[in-house]
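Per-entry structural report
Residue-level listing of the chains:
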Amino acid sequence: MADADIWDRIRKARDFALEAEKKERERIAEADTAELQQAASVRLATRQSVREALDVVLDEDTSPPGAEREA
């Protein structure tokens, strides 16, 4: 597998995690019970961690606007 293929796959995985974050944010907004909101929040935090780790590997920043990022 070529180096470019590996970086492309990492980028795709990061983009997938970013899209999943958006879906979890929607689920949080639409949750009608505290339990559903908490479950979506946990999933969101997990997906954010994955995306942030991939951002570090790629040396890129895909944090949503307004999101705090540690230096």
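Further up the page is the structure itself.
As the structure is a computational prediction, the values presented were derived from the model and not from experiment.

1. A few points about the pattern of salt bridges
All told, the structure shown has twelve salt bridges when counted by the stated rule. Residue Glu 52 pairs with Arg 51 through a salt bridge whose shortest N-O separation is 3.9 Å. By relative accessible area, which is 1% here, Arg 51 ends up buried. Here the salt bridges do not stand alone but share partners, grouping Arg 11, Arg 14, Asp 15, Glu 21, Arg 25, Arg 51, Glu 52, Asp 55 and Glu 60 into one network.

2. Quick notes on the side chain of Thr 62
Turning to its location among the elements, Thr 62 is positioned in the segment after helix H2 (34-58). Side-chain polar atoms of Thr 62 contact the side chain of Asp 55, separated by 2.9 Å. Residues contacting Thr 62, with those up to four places away along its chain left out, are Arg 14, Leu 18, Arg 51 and Asp 55.

3. A short note on helix H1 (residues 3-30)
With 28 residues, H1 should reach 40 Å at 1.5 Å per residue; the first-to-last C-alpha distance of 41 Å fits that figure. Within H1, burial applies to Ile 10, Arg 14, Ala 17, Leu 18, Ala 20, Glu 21, Glu 24 and Ile 28. Buried positions along H1 lie against H2.

4. Here we look at H2
Helix length check: H2, at 25 residues, gives a terminal C-alpha distance of 36 Å against a target of 36 Å (1.5 Å per residue), a fit within 8%. In this structure, the buried side of H2 is in contact with H1. Positive backbone phi, at 55°, marks Asp 59, one or two positions downstream of H2.

5. What to know about the environment of Leu 18
In this structure, Leu 18 sits in helix H1. We classify Leu 18 as buried; its relative accessible area is 16%. With 32 residues separating them along the chain, Leu 18 and Val 50 place their C-alpha atoms 9.1 Å apart. The contact partners of Leu 18, leaving out residues within four places of it in the chain, are Arg 51 and Thr 62.

Calculation notes
- Residues numbered from 1 in each chain as written.
- Predicted model: local features only at pLDDT ≥ 70, side-chain atom pairs only at ≥ 80, totals over all residues.
- Heavy atoms only, no water.
- Salt bridge = Lys/Arg side-chain N within 4 Å of Asp/Glu carboxyl O.
- Buried < 20%, exposed > 50% of the residue type's maximum accessible area, 1.4 Å probe, protein only.
- Helix = DSSP H or I, 4+ residues; strand = E, 2+ residues; numbered from the N terminus.
- Polar contact = N/O pair within 3.5 Å; in protein donor to acceptor, adjacent residues only side chain to side chain.
- Contact = heavy atoms within 4.5 Å.
- Expected span 1.5 Å × (residues − 1).

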